[in-house]
Amino acid sequence: MNAIKYMSLSVKLAKSGQGRVEPNPLVGAVIVKSGRIIGTGYHQYFGGPHAEINAINSVKKPKLLKGATLYINLEPCVHFGKTPPCAPAIIQSGIKKVVIAHPDPNPLVSGKGIRMLKNAGIKVAIIESQEAMIMNAPFFKYHKTGLPYVIAKWAMTADGKLASVTGDSKWISSEQSRALVQQIRSKVQGILAGINTVLKDDPMLTPNLKSKTHLSIIPARIIVDTRARIPLDSWIVKTASTIKTYIAVAASAPAGKLQALAKRGCIIIRTTGRNTVDIKDLLKQLGRIGIIKILVEGGGQIHSSALMAGLVDEAYIFIAPKIIGGRDAKTPVEGPGIKLMRQAINLKNISVKSIGPDVLIHGLIK
């Protein structure tokens, strides 16, 4: 097994922490000596030991670490947080070479870990990995822009409709597609929807898994509700005391209703818009409180606002083999739209696969 394969294994290990470690990055580590893997580890949950420490501790005979090589998909940390720093532990272990995929963009680390290792006489090499970069795209985006990573998701018919002309949408997609959506929900920190979705469906907007024990935190619900129209007896409000719930409103939202929502456990986010919710400002505020990965499950207006503002990074598009027609039936992306085809938002790194009877198109936007 060569260096690239060891790095790929570290990425595979790191992915086991999805849904448990955020807002920390996904990190895996592989320790190799004389061409043999002697230890592995990954960051398992937020606040727990980091990947390097778990890998070092997995080696049953510590003397084997002397002269070994550590492969890790992100630069080791040097600062005290919820756990001690990793770079000093690597130095103390006797490891003599560290191969990383990318420097850490966090200003608290950002090159300091590499410098500490080199100063201790440890050889450091960088093998860039697109796989590792894509995996931790939310972490990199957050530390570069302060904004969360945004995933858009919708299910539509083969003729591009979200619902029939009467608003009926249960169910467009198959049971298999809906099960996959639950998995996607379990790997984000927040699920964002518009008030129209709440008024129409009265959803819970939580992962509906048989066991949630693998989740360190249930994703927060984020409702874009310009005038605070959400009913006090909706499921989202009734469960706000136990599941973190944010209601994003415009400056003109009525104070009395906001007080009533706050009493029931909702957290009010006031955005800069007077008569509309400023989506970018909302995302900035969510980023400041540590929410770095969001799934947008709104209707056509929410998707339009986020896409046209250049805020969406990834998309899951489920297409059901059904045709329902209807000039006035809702579509996935509404709003004013683009004027010229050259302005179209393009997907890249596209994958297309069957999910039961449906087709899933997945791609990155930027």
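Residues numbered from 1 in each chain as written. Predicted model: local features only at pLDDT ≥ 70, side-chain atom pairs only at ≥ 80, totals over all residues. Heavy atoms only, no water.

(A) Main features of the overall build of the protein chain. A count of helical and extended segments in the protein chain gives twelve helices and 14 strands. Here the C-alpha radius of gyration of the protein chain, 23 Å, is about what a compact globule of 366 residues would show, namely 21 Å. The dimensions of the protein chain, computed from C-alpha atoms along their principal axes, are 70 × 45 × 40 Å. Counting over 366 residues, the protein chain shows a buried share of 51%. Excluding contacts between residues fewer than 6 apart, the proportion of contacts in the protein chain whose partners are at least 24 apart in sequence is 72%. Across the protein chain, 50 positive and 21 negative side-chain charges occur, with their mean positions spaced 9 Å apart. (Helix = DSSP H or I, 4+ residues; strand = E, 2+ residues; numbered from the N terminus. Rg over C-alpha atoms; globule rule 2.2 N^0.38 Å. Buried < 20%, exposed > 50% of the residue type's maximum accessible area, 1.4 Å probe, protein only. Contact = heavy atoms within 4.5 Å. Lys, Arg positive; Asp, Glu negative; His and termini not counted. Charge placed at Lys NZ, Arg CZ, Asp CG, Glu CD.)

(B) Representation of the packing of aromatic side chains. Scanning the entire structure with this criterion turns up two aromatic pairs. Ring centres of tyrosine 6 and tyrosine 71 lie 5.0 Å apart, and the angle between their planes is 40°; this geometry places the pair in the tilted category. Of this pair, tyrosine 6 sits in helix H1 (residues 3–14) while tyrosine 71 sits in strand E3 (residues 69–72), and the two are 65 residues apart along the sequence. Residue class for tyrosine 71 comes out buried when judged on its relative accessible area of 9%. (Phe/Tyr/Trp six-rings, centres within 6.5 Å; stacked < 30°, edge-to-face > 60°.)

(C) The nonpolar core, seen in detail. Among the nonpolar cores identified, the biggest contains 34 residues, and Ile223, Ile230, Ile247, Val249, Leu261 and Phe318 are the most heavily contacted of them. Setting aside residues up to four positions removed in sequence, phenylalanine 318 forms contacts with Lys153, Trp154, Ala155, Met156, Ser177, Leu180, Val181, Val359 and Leu360. Ranked by size, the runner-up nonpolar core spans 29 residues in total, among them Val224, Tyr246, Val296 and Ala315. (Core = buried A, V, L, I, M, F, W, Y, C linked by side-chain atoms within 4.5 Å.)

(D) How the structure looks around helix H11 (residues 279–288). Considered for burial, the residues of H11 that qualify are Ile279, Asp281, Leu282, Leu283, Leu286 and Gly287. Its side-chain oxygen placed 3.1 Å from the backbone nitrogen of lysine 280, aspartate 278 serves as the N-cap of H11. Note on H11: the residue one or two positions beyond its end, glycine 290, has a positive phi of about 95°. (Polar contact = N/O pair within 3.5 Å; in protein donor to acceptor, adjacent residues only side chain to side chain.)

(E) The side chain of lysine 141, seen in detail. If you trace the backbone, lysine 141 turns up in helix H6 (residues 137–145). The exposure class of lysine 141 is buried, given its relative accessible area of 12%. In this structure lysine 141 touches Gly146, Leu147, Pro148, Tyr149, Val150, Leu311 and Asp313, once residues within four positions along its chain are discounted.

(F) Here's a closer look at unusual backbone geometry. With an omega of 10°, the peptide bond between glutamate 22 and proline 23 qualifies as cis. Note the cis peptide between lysine 170 and tryptophan 171, where omega equals -5°. As for its placement among the helices and strands, tryptophan 171 is situated in the loop between strand E6 (149–157) and helix H7 (175–185). If you check the backbone angles, aspartate 202 has positive phi at about 50° while not being a glycine. On the secondary structure map, aspartate 202 appears in the loop between helix H8 (195–201) and strand E8 (220–224). Residue aspartate 202 is classed as partly exposed on the basis of its relative accessible area, which comes to 30%. Backbone geometry at alanine 228 places phi at a positive 55°, although glycine is not the residue there. With respect to the helices and strands, alanine 228 occurs in the loop between E8 and helix H9 (235–238). Here alanine 228 falls in the buried class, since its relative accessible area comes to 3%.

(G) Layout of the pattern of salt bridges. Enumeration over the complete set of coordinates arrives at six salt bridges. The partner of lysine 200 in a salt bridge is aspartate 201, with the nearest N and O atoms 3.0 Å apart. Between glutamate 334 and lysine 330 there is a salt bridge whose closest N-O contact spans 4.0 Å. With relative accessibility at 23%, the residue glutamate 334 sits in the partly exposed group. In this structure, a network of salt bridges that share partners links the residues Lys153, Arg185 and Glu297. (Salt bridge = Lys/Arg side-chain N within 4 Å of Asp/Glu carboxyl O.)

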